[in-house]
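Each chain, written out:
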Amino acid sequence: GAADDEISSHFIDDNWIVPYNLDTYCGGEIIANCNPAAVLYFITPQSNITQYTYSGADIVQPDDVIWNFNNIDVTFPAGIDVTITEGLNISGGTVTLGDGSELTFSGSAHAFNADPGTVFRMGEHSRLTATSPITLVGTAPEPIRFEQLTSGKRWDYIDLTADGNTLQYVELDGADKTIEVRSTGNTFDNITSTGGLRG
């Protein structure tokens, strides 16, 4: 009987704790039978969640499900590799990658979009890899920003291997290589790089 936007229980294992609505999202089954691979999709309708931390390495995006980080600050701790296969929209939140973490976008059916003002906080040697095209379009007053998670510890770079990426009004602060472009047909406009080794 709980409302859809209320958290009524938790899935718990050795590595991560996932809040979800037991009745709505797990069909009334016992907690142990819930599918942790689908939880990231399930948190997005819950308006009262503002922060979310993943510490398990086995995060899988369900087929045909676009993840929406809407007004949620999402953290992937050190050493976590997350592959976005079905699309991702980021609005009004911060995405944090811990040291050595990698966020890879490999989806082709849907897009990887970040709204103006989005901040990516990048741990040492972390990176964003795009094997399908990404769209990062900020504005002059609200650029999309990539910054060091820890001052003085450089993140690696954005790796663009797919054709047709769009980056506009993006600030890149404190990276090693900043951007590696191994693709064509890209649009770059008002890109600022500061504090990096190679810019």
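Residues numbered from 1 in each chain as written. Predicted model: local features only at pLDDT ≥ 70, side-chain atom pairs only at ≥ 80, totals over all residues. Heavy atoms only, no water.

A. Structural detail: the pattern of salt bridges. What the rule picks out here adds up to seven salt bridges. Of the charged contacts, one joins Arg127 and Asp156 as a salt bridge, the two residues approaching to 3.2 Å between their closest N and O atoms. Residue Arg127 is found in strand E12 (residues 127-130), and its partner Asp156 is found in strand E15 (residues 155-160); the two are separated by 29 residues along the sequence. In this structure, Arg145 engages Glu147 in a salt bridge whose closest nitrogen and oxygen atoms are separated by 2.8 Å. Assessed through its relative accessible area of 24%, Arg145 is described here as partly exposed. What emerges from the salt-bridge pattern is a single network uniting Arg145, Glu147, Glu171 and Asp173. (Salt bridge = Lys/Arg side-chain N within 4 Å of Asp/Glu carboxyl O. Helix = DSSP H or I, 4+ residues; strand = E, 2+ residues; numbered from the N terminus. Buried < 20%, exposed > 50% of the residue type's maximum accessible area, 1.4 Å probe, protein only.)

B. Quick peek at the pairing of strand E7 (residues 88-91). Side chains Leu88 and Ile90 project from E7 onto a buried face, and the interleaved Asn89 and Ser91 project onto a face without burial. Where strand E4 (residues 67-70) lies against E7, four bridges are found, and the strand directions are parallel. Along E7, the bridge assignment pairs Phe69 with Ile90. Two elements, E7 and strand E10 (residues 112-114), share three bridges in a ladder whose sense is parallel. By the bridge assignment for E10, Ile90 is matched with Ala114. (Pairing = 2+ DSSP bridges.)

C. Main features of the sheet that holds strand E9 (residues 102-105). Here we have five strands laid out as an open sheet, ordered E6-E9-E12-E15-E17, and parallel in their pairing. Strands with a single pairing partner mark the edges of an open sheet, and in this sheet they are strand E6 (81-84) and strand E17 (175-181). Ignoring which end each strand starts from, the neighbouring axes of this sheet average 10° apart. As paired elements, E6 and E9 share four bridges and run parallel to each other. Bridging across to E9, Thr83 finds its partner in Thr104. (Axes fitted to C-alpha atoms, helices over the stretch in contact; angles between N-to-C directions.)

D. Layout of a nonpolar patch on the surface. Taken together, the side chains of Val181, Phe188 and Ile191 present a nonpolar region at the surface, about 220 Å² in accessible area. Turning to its location among the elements, Phe188 is positioned in strand E18 (residues 187-194). With a relative accessible area of 38%, Phe188 lands in the partly exposed category. (Patch = residues over 30% accessible without salt bridge, like charges linked within 9 Å, V, L, I, M, F, W, Y side chains within 5 Å. Areas by Shrake-Rupley, 256 points an atom, 1.4 Å probe, with all protein chains shown as cover.)

E. Looking closely at the packing of aromatic side chains. Tallying each qualifying case throughout the model produces three aromatic pairs. Look at Phe120 and Phe146: their rings are 4.4 Å apart centre to centre, the planes differ by 5°, and that puts the pair in the stacked class. You can see Phe120 sitting in strand E11 (residues 119-122) and its partner Phe146 sitting in strand E14 (residues 144-148), a full 26 residues away along the chain. As far as the burial class goes, Phe120 and Phe146 line up, both buried. When the ring centre of Tyr157 is taken as reference, the NZ or CZ atom of Lys177 above it lies at 4.5 Å. (Phe/Tyr/Trp six-rings, centres within 6.5 Å; stacked < 30°, edge-to-face > 60°. Lys NZ or Arg CZ within 6 Å of the ring centre and 35° of its normal.)

F. Region of the structure containing the environment of Asp173. One can find Asp173 in strand E16 (residues 166-173). The class for Asp173 is partly exposed, based on a relative accessible area of 21%. In this structure, the C-alpha to C-alpha distance between Asp173 and Gln148, residues 25 residues apart in sequence, is 6.7 Å. Non-local contacts of Asp173, meaning those with residues more than four positions away in its chain, are made with Arg145, Phe146, Glu147, Gln148, Trp155, Thr194 and Gly195. Within the structure, the side chain of Asp173 is placed 2.9 Å from the side chain of Thr194, a separation counted as a polar contact. (Contact = heavy atoms within 4.5 Å. Polar contact = N/O pair within 3.5 Å; in protein donor to acceptor, adjacent residues only side chain to side chain.)

G. Examining the environment of Asn89 more closely. Considering the arrangement of structural elements, one finds Asn89 in strand E7. Linking Asn89 and Ala111, residues 22 residues apart in sequence, is a C-alpha distance of 7.7 Å. Aside from chain neighbours lying at most four places away, what touches Asn89 is Ile66, Trp67, Asn68, Phe69 and Asn113. Here Asn113 takes part through its side chain, which lies 3.2 Å from a polar atom of the side chain of Asn89.

These values are about where atoms sit, not about what they do.
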